[in-house]
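Observations on the three-dimensional arrangement
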Amino acid sequence: MITKAFKLPPSASTEKFKIENKTKQQDSITEETGNEVSANYKKASFTKRHLFTLAGTFLLLLGGALSVYLLQPQFEEMNMSRMDTVGGMILLFLTSFLLIFRLSFLAYISRLFFRYKPVDSVQNEELPSCTVIVPAYNEGRQVYDTLISLTNSLYPEEKLQVIAIDDGSKDDTWDWMKKAKEKLGDRVSIFQQPHNQGKRHALYRGFNMGTGEVFVTVDSDSIVEKDTLRNLVSPFVVNKDCGAVAGNVRVLNNEKAIIPRMLNVSFVFSFEFIRSAQSVLGSVLCTPGALAAYRSKAVMTCLPEWINQTFMGQPSDIGEDRAMTNMILKQGYHVLFQRNAYVLTNIPEKFSSLHKMFTRWERSNVRENLMMSKFAFKPFRAGSRSGTRLLLLNQWMHMLTAYPLVFIMLVLLVLYPVMFISSTLLSILIFSSLPAFFYAKKYNIAEAFWAYSYSIFYTFGLFWITPYAMATASRRGWLTRELPVKK
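The structure contained in this document is the topic of the report that follows. (Residues numbered from 1 in each chain as written. Predicted model: local features only at pLDDT ≥ 70, side-chain atom pairs only at ≥ 80, totals over all residues. Heavy atoms only, no water.)

1. Section: the packing of aromatic side chains
Within the structure shown, the criterion is met by 25 aromatic pairs. With a centroid separation of 6.4 Å and 10 degrees between ring planes, the pair formed by F101 and F105 is classed as stacked. Placement of the pair is F101 and F105 together in helix 5 (residues 86-113), with a separation of four residues, close to one helical turn. For F101, a relative accessible area of 18% corresponds to the buried category. Joined through ring pairs, the aromatic side chains of F113, F114, F269, F273 and F438 make up one cluster. Against the face of Y443 rests R250, its NZ or CZ located 4.2 Å from the ring centre. Directly above the ring of F271 sits R275, whose terminal nitrogen or CZ lies 4.1 Å from the centroid. (Phe/Tyr/Trp six-rings, centres within 6.5 Å; stacked < 30°, edge-to-face > 60°. Helix = DSSP H or I, 4+ residues; strand = E, 2+ residues; numbered from the N terminus. Buried < 20%, exposed > 50% of the residue type's maximum accessible area, 1.4 Å probe, protein only. Lys NZ or Arg CZ within 6 Å of the ring centre and 35° of its normal.)

Right, dumping it as structure tokens:
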């Protein structure tokens, strides 16, 4: 059963473009699945647990702000004592520099955001042929829903090729893929790997079988809107320099647990604000695995390097999306973001799975920041490259300050626990207001308050992810998607 906990903004292109000459079978599929999705796409409701969590969040934040106010004499005394020591002066300089850098970078990103505009969907006859590749591993029923949503797309059927690949799943994923094949017929092709080889190898097989001018990759736990595919690939038609396009990822299961609800707000800021700004520079740093499109020519150029990529002598089995993005940027192409190309994807609902997912992402960031540094400061493409380099420098700033900031945090937590916690909570109250306001402006005021809960959750529960990922960047493994071990 598909669950959607928010209402997407209306898209003019959905009404403007219709796919002509649908067969009776296709109409039946569209009506059935469309009704199923619509029936389960409902507005998120607040339970007592949700209200208690949000109430606790603001009690903590307001308590922190009040504590800072009451402890002003102690803060002044501590700051004065720091001025008398070399270590204190270094700490003051470091924190001031980081604050100025972050605020300046935020101002720069904000200016870019206001210049962003998604590309309008082009007419049917202008759309390129498109191959959609869906790798699946231990996905169960969800892969069936994914394939149905793809074939319901408002995309000319004769230009759309859908390939689903079961990567040696240990559950009933293959059975659900066969059920989709039975219903959809020639509209989808399904294949099964002899054993689990990893997502990269499943995509590699799909790339080699695909015949489209554009490749689209969609995770098997995701649902696309009817106009998503045409919106996603339209930039390739109007921009000859476009080599890849990132889709707009939202959370599918955000009504089931608190973690998905928090991340749904975080995703909006990450994609619709950060990636919008990056898109203006033609340098979106990562095309997400949940939904991304690539010019097939660009993919085939770097495919041998991509499938044989290694890190510290070990084959790379994570970060295939960021790696592909880097290799396409290296060829001189622009990488864009389409805000009007929505995909809803499932994310972990438990802390144990969430921190594994974040660790995998951060390990990929470490690896690919190193890779990007090898070409970003060279003339890798025509036109301005300074913005791309600034984005990379911000990534490096995040990495280089990870260990010093954790060390400072632990020292302050031991020496000044109340002052540190209260000032941290006040900072969260101030800086989380931007993503909260952004979400409230675009979607829903009530849901926007989860931005504050997420900041507390990340600051005190996941602060260790980046330093840990840096120390273990060479480790392999997807970490999630394995079936529970029966005892």
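2. Regarding the side chain of R275
If you trace the backbone, R275 turns up in helix 10 (residues 258-280). One buried charged side chain, R275, makes no salt bridge at all; its nearest oppositely charged neighbour is D321, positioned 7.2 Å away. For R275, the side chain forms a polar contact with the main-chain oxygen of C286, separated by 3.4 Å. For R275, the contacting residues outside a window of four places in its chain are S270, V284, C286 and F337. (Lys, Arg positive; Asp, Glu negative; His and termini not counted. Salt bridge = Lys/Arg side-chain N within 4 Å of Asp/Glu carboxyl O. Polar contact = N/O pair within 3.5 Å; in protein donor to acceptor, adjacent residues only side chain to side chain. Contact = heavy atoms within 4.5 Å.)

3. Describing the packing of helix 10 against helix 19 (residues 450-461)
Where helix 10 contacts helix 19, the two axes come as close as 8 Å, and the packing angle between them is 105 degrees. By the angle between their directions, the pair helix 10 and helix 19 is classed as roughly perpendicular. In this structure, helix 10 uses I258, I259, R261, M262, L263, V265 and S266 to contact helix 19, whose residues at the interface are W450, A451, S453, Y454 and F457. Of the residues that constitute the contact of helix 10 with helix 19, the class distribution is nine nonpolar, two polar and one charged. (Axes fitted to C-alpha atoms, helices over the stretch in contact; angles between N-to-C directions. Parallel < 35°, antiparallel > 145°, perpendicular 65-115°, else oblique. Nonpolar A, V, L, I, M, F, W, Y, C, P; charged D, E, K, R; others polar.)

4. Overview of the nonpolar core
Membership of the largest hydrophobic core comes to 111 residues, with the highest contact counts inside it found for V132, L147, L150, F207, V216 and W306. No other element matches the 11 residues that helix 10 contributes to this core. (Core = buried A, V, L, I, M, F, W, Y, C linked by side-chain atoms within 4.5 Å.)

5. Quick word on the sheet that holds strand 10 (residues 334-345)
Spatial ordering of the open sheet is given by 3-2-1-4-7-6-10-5, a layout of eight strands whose pairing is mixed. Strands at the two margins of the open sheet, each flanked by one partner only, are strand 3 (188-192) and strand 5 (222-224). Ignoring which end each strand starts from, the neighbouring axes of this sheet average 30 degrees apart. In terms of strand pairing, strand 1 (residues 130-136) meets strand 4 (residues 214-218) through four bridges, oriented parallel. Bridge pairing in strand 4 links I133 to T217. (Pairing = 2+ DSSP bridges.)

6. Things to note about the environment of T57
For T57, the location among the structural elements is in helix 3 (residues 48-70). Given the relative accessible area of 5%, T57 is considered buried. Separated by 393 residues in the primary sequence, T57 and W450 have C-alpha atoms spaced 9.0 Å apart. Filtering out sequence-adjacent residues up to four positions away, T57 remains in contact with Y452, S453 and I456.

7. Some remarks on the pairing of strand 2 (residues 160-166)
Judged by how many residues are buried, strand 2 sits mostly within the fold: six of seven residues are covered. Two elements, strand 1 and strand 2, share seven bridges in a ladder whose sense is parallel. Pairing of C130 across the sheet is with L160, part of strand 2. In terms of handedness, the path from strand 1 via helix 6 (residues 142-151) over to strand 2 forms a crossover that is right-handed. The pairing of strand 2 with strand 3 spans five bridges and is parallel. The partner of I163 across the bridge, within strand 3, is S189. (Right-handed = clockwise from strand over helix to strand, strands pointing away.)

8. Focus on the environment of S373
Along the chain, S373 turns up in helix 13 (residues 351-373). Given the relative accessible area of 26%, S373 is considered partly exposed. Along the primary structure S373 and L393 are separated by 20 residues, whereas in three dimensions their C-alpha atoms are 9.2 Å apart. If near-sequence neighbours (up to four positions away) are discounted, S373 is found in contact with L392 and W396.

9. Thoughts on the pairing of strand 6 (residues 242-251)
With 10 of 10 residues buried, strand 6 is to be regarded as a mostly interior element. Taken together, the eight bridges between strand 6 and strand 10 define a ladder with parallel strand orientation. Directly across from V245, in strand 10, lies its bridge partner L336.

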